[in-house]
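The lines below spell out each chain.
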Amino acid sequence: MANDLFYLYDESEDTKTRFVSFMGESTRFDLAITTTSRFYGKKLVINIQNGRSAIIGEDDLQEEGYLEFAFNLSESEAEELKTFLETVI
């Protein structure tokens, strides 16, 4: 029974990933931003330093506290990340 897996989906897709590293006032950001046909036009953003990730669209950038929670950032760090992400999302 342990070898019986129940797949919800198992698909492959060509994606586009942009790797970006930049320095904020006090924090370095190393990100992988993946564009895919999934996630309703949102992008998969991965913080390479700590492995935290989130699916982000324009609406998520406007949601108070979202980046702080998703990436475990202070308010000022999240504002720096938001400023950058607004240019790519």
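Residues numbered from 1 in each chain as written. Predicted model: local features only at pLDDT ≥ 70, side-chain atom pairs only at ≥ 80, totals over all residues. Heavy atoms only, no water.

Glancing now at a negative patch on the surface. Taken together, the side chains of E64, E75, E79 and E86 make up a negatively charged region of the molecular surface. E86 sits in the partly exposed class, given a relative accessible area of 42%. (Patch = residues over 30% accessible without salt bridge, like charges linked within 9 Å, V, L, I, M, F, W, Y side chains within 5 Å. Areas by Shrake-Rupley, 256 points an atom, 1.4 Å probe, with all protein chains shown as cover. Salt bridge = Lys/Arg side-chain N within 4 Å of Asp/Glu carboxyl O. Lys, Arg positive; Asp, Glu negative; His and termini not counted. Charge placed at Lys NZ, Arg CZ, Asp CG, Glu CD. Buried < 20%, exposed > 50% of the residue type's maximum accessible area, 1.4 Å probe, protein only.)

Ranked by size, the top nonpolar core spans 19 residues in total, and within it I56, L67, F71, L81 and L85 carry the most contacts. Secondary structure elements with two or more residues in this core: β1 (16-23), β2 (28-35), β4 (53-56), α2 (66-71) and α3 (75-85). Excluding residues within four positions of it along the chain, L85 makes contact with I33, V45, I56, L61 and L67. (Core = buried A, V, L, I, M, F, W, Y, C linked by side-chain atoms within 4.5 Å. Helix = DSSP H or I, 4+ residues; strand = E, 2+ residues; numbered from the N terminus. Contact = heavy atoms within 4.5 Å.)

Considering all chains together, one arrives at 4 salt bridges under this definition. Taking the shortest distance from any N to any O, the salt bridge between D60 and K42 comes out at 2.9 Å. Linking D60 in helix α1 (residues 58-62) with K42 in the loop between β2 and β3 (43-47), this pair joins segments that are 18 residues apart in sequence. Classification of D60 by relative accessible area gives buried; the value is 7%. For K42, a relative accessible area of 22% corresponds to the partly exposed category. One salt-bridge network, in which partners are shared between bridges, spans K42, D59 and D60.

Attention shifts here to the side chain of T27. If you trace the backbone, T27 turns up in the loop between β1 and β2. You can call T27 buried: its relative accessible area is 13%. In this structure the side chain of T27 is engaged in a polar contact, spanning 2.6 Å, whose partner is the side chain of E77. Not counting the four nearest positions on each side in its chain, T27 is found in contact with F22 and E77. (Polar contact = N/O pair within 3.5 Å; in protein donor to acceptor, adjacent residues only side chain to side chain.)

Okay, the sheet that holds β2 next. Across the sheet, which stays open at both edges, the 4 strands sit in the order β1-β2-β3-β4 with antiparallel pairing between neighbours. For this open sheet the edge positions go to β1 and β4, each flanked by a neighbour on one side alone. With strand direction ignored, the average angle separating the axes of adjacent strands in the sheet is 25°. Where β3 and β4 come together, 4 bridges link them in antiparallel fashion. Considered in β4, the bridge of L44 is made with I55. Packed on one face of the sheet, α3 meets β1, β2, β3 and β4 and runs near 40° to β2. (Pairing = 2+ DSSP bridges. Axes fitted to C-alpha atoms, helices over the stretch in contact; angles between N-to-C directions.)

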